[in-house]
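These are the residues of each chain, in order.
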Amino acid sequence: MDTIEAPLAGRSILVVEDDPDVAFDLSEGLRLAGAALVDIKASMRQACRRLTRSALPDVVIIDHDLATEDTGTTCALWLRSYDVSNQTLRVSYSGSEPETVRETWPDDQVCHLVITKPVDLVDLVGQIAAAWQQLHAVPDEAGVPG
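What counts, and where the lines are drawn
- Along each chain, the written sequence defines residue order, and numbers are assigned to residues from 1.
- The model is predicted, so local features are restricted to residues of pLDDT at least 70 and side-chain atom pairs to those at 80 or more, both for listing and for counting; the totals for chains, interfaces and linings are taken over all residues.
- No hydrogens and no water enter the side-chain calculation; it runs on all heavy atoms of the structure.
- Starting at the N terminus, helices and strands are each numbered in turn, a helix being any DSSP run of H or I of at least four residues and a strand any DSSP run of E of at least two.
- In this description the radius of gyration comes from C-alpha coordinates, and the expected globular size is given by 2.2 Å times residues to the power 0.38.
- Accessibility here uses a 1.4 Å probe with only protein chains present; expressed as a share of the type maximum, an area under 20% marks a residue as buried, one over 50% as exposed, and anything in between as partly exposed.
- Positive charge is attributed to Lys and Arg, negative charge to Asp and Glu, and no charge count is given to His or to the chain ends.
- In plain terms, the charge of a residue is placed at NZ if it is Lys, CZ if Arg, CG if Asp and CD if Glu.
- Planes of paired rings set the category: under 30 degrees apart is stacked, over 60 is edge-to-face and the rest tilted, where pairs are Phe, Tyr or Trp rings (Trp by its six-membered ring) whose centres lie within 6.5 Å.
- For this analysis, a nonpolar core means a set of buried residues of the types Ala, Val, Leu, Ile, Met, Phe, Trp, Tyr and Cys, connected via side-chain atoms within 4.5 Å.
- Residue contacts are defined here by distance: any two heavy atoms, one from each residue, within 4.5 Å place the two residues in contact.
- The criterion for strand pairing is that DSSP finds at least two bridges linking the strands in question.
- Convention adopted: a line fitted to C-alpha atoms gives each axis, helices being fitted over their contacting stretch, and angles between N-to-C directions are expressed from 0 to 180 degrees.
- A patch consists of residues whose relative accessible area exceeds 30% and which take part in no salt bridge; residues with like charges are grouped when within 9 Å of each other, and nonpolar side chains (Val, Leu, Ile, Met, Phe, Trp, Tyr) when within 5 Å.
- Every accessible area reported is derived by Shrake-Rupley at a probe size of 1.4 Å, with residue values counting cover from the shown protein chains alone.
- Any Lys or Arg side-chain nitrogen located within 4 Å of an Asp or Glu carboxyl oxygen qualifies as a salt bridge.

Student: An account of the overall build of the protein chain is needed here, citing residue identities and associated values.
Tutor: The helix and strand inventory of the protein chain stands at five helices and five strands. Over its C-alpha trace the protein chain gives a radius of gyration of 15 Å, about what one expects of a compact globule, namely 15 Å for 146 residues. Across its three principal axes, the protein chain shows a C-alpha extent of roughly 55 × 40 × 35 Å. Counting every position in the protein chain, which comprises 146 residues, the buried fraction comes to 42%. On the protein chain, the mean spot of the 11 positive side-chain charges and the mean spot of the 24 negative ones are 10 Å from each other.

So, in structure tokens, the structure goes:
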């Protein structure tokens, strides 16, 4: 595995993934990338319980194709309605092509990022770090009259 710097340093991350092997690999890789906390839940019900009982994480990575009756879209929509300040980065993580995932969404704001698995860990971390920075970017004040 390539060396991963710490682009996710200090971030708290919730992974909603029902495949234990995938969840473990993600957890291990995210910790290597500096994540302070990686919490894993196998279903939407477990994820919602975690989200309502603790502070919202910085990032939620959601398997689009959960084995339960709930989909990643359902989970992301619930999180979007719960996170009214839109501070939590919502990432869809799916074996399906991004266009297929987006077809299940009622609008284009369900998730901030769609990642197709399998994906190299360094690429995954880079995409999440870049999306996090974009979500939390301070607007440029250069054009504002002072």
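From this point, things continue past the structure.
Student: Describe the packing of aromatic side chains, naming the residues involved and giving the relevant values.
Tutor: The tally for this structure, following the rule as stated, stands at one aromatic pair. When the ring of W78 is compared with that of Y82, the centres are 4.9 Å apart and the planes differ by 10 degrees; the resulting orientation is stacked. Here the residue W78 and the residue Y82 both occupy positions in helix α3 (residues 72–82), the gap between them amounting to four residues, near one helical turn. With a relative accessible area of 24%, W78 lands in the partly exposed category. We classify Y82 as partly exposed; its relative accessible area is 37%.

Student: Describe the nonpolar core, listing the residues and the values that go with them.
Tutor: Counting residues in each nonpolar core, the largest one holds 22 residues, and the members touching the most others are L8, I13, L30, V59, I61, V91 and I128. Elements represented by at least two residues in this core include exactly β1 (12–16), α1 (20–32), β3 (59–63), β4 (89–94), β5 (113–116) and α5 (121–135). Looking at this core, the element that brings in the most residues is α5, giving seven residues. Excluding anything up to four places from it in sequence, I61 contacts I13, L14, V15, V16, L30, V91, Y93 and I128. Membership of the second largest hydrophobic core comes to 17 residues, among which are M44, I62, A76 and V110.

Student: Report on the sheet that holds β1, specifying residues and quantitative values.
Tutor: Pairing is parallel across the open sheet formed by five strands, whose spatial order is β2-β1-β3-β4-β5. Here the strands that pair on one side only, and so sit at the sheet edges, are β2 (37–41) and β5. Neighbour-to-neighbour, the strand axes of the sheet open up by a mean angle of 20 degrees, direction not taken into account. Two strands pair when backbone bridges link them, and β3 and β4 are joined in this way by five bridges, in the parallel orientation. Looking across to β4, one finds that D63 is bridged to Y93.

Student: Residue-level account of a negative patch on the surface, with values.
Tutor: A contiguous patch of negative charge on the surface is contributed by D19, D21, D25 and E28. The residue D25 is located in helix α1 in this model.

Student: Go over the pattern of salt bridges, please, and point to the residues and values.
Tutor: Within this structure, the stated rule accounts for five salt bridges. Among the ionic pairs, K117 bridges to E17, the shortest N-O distance being 3.1 Å. Of this pair, K117 sits in the loop between β5 and α5 while E17 sits in the loop between β1 and α1, placing them 100 residues apart in sequence. Taking relative accessible area as the criterion, K117 reaches 19% and is therefore assigned buried. Assessed through its relative accessible area of 3%, E17 is described here as buried. Between R80 and D107 there is a salt bridge; the shortest N-O distance is 2.8 Å. Separated by 27 residues along the polypeptide, R80 in helix α3 and D107 in the loop between α4 (98–102) and β5 bring together distant segments of the chain. Residue class for R80 comes out partly exposed when judged on its relative accessible area of 26%.

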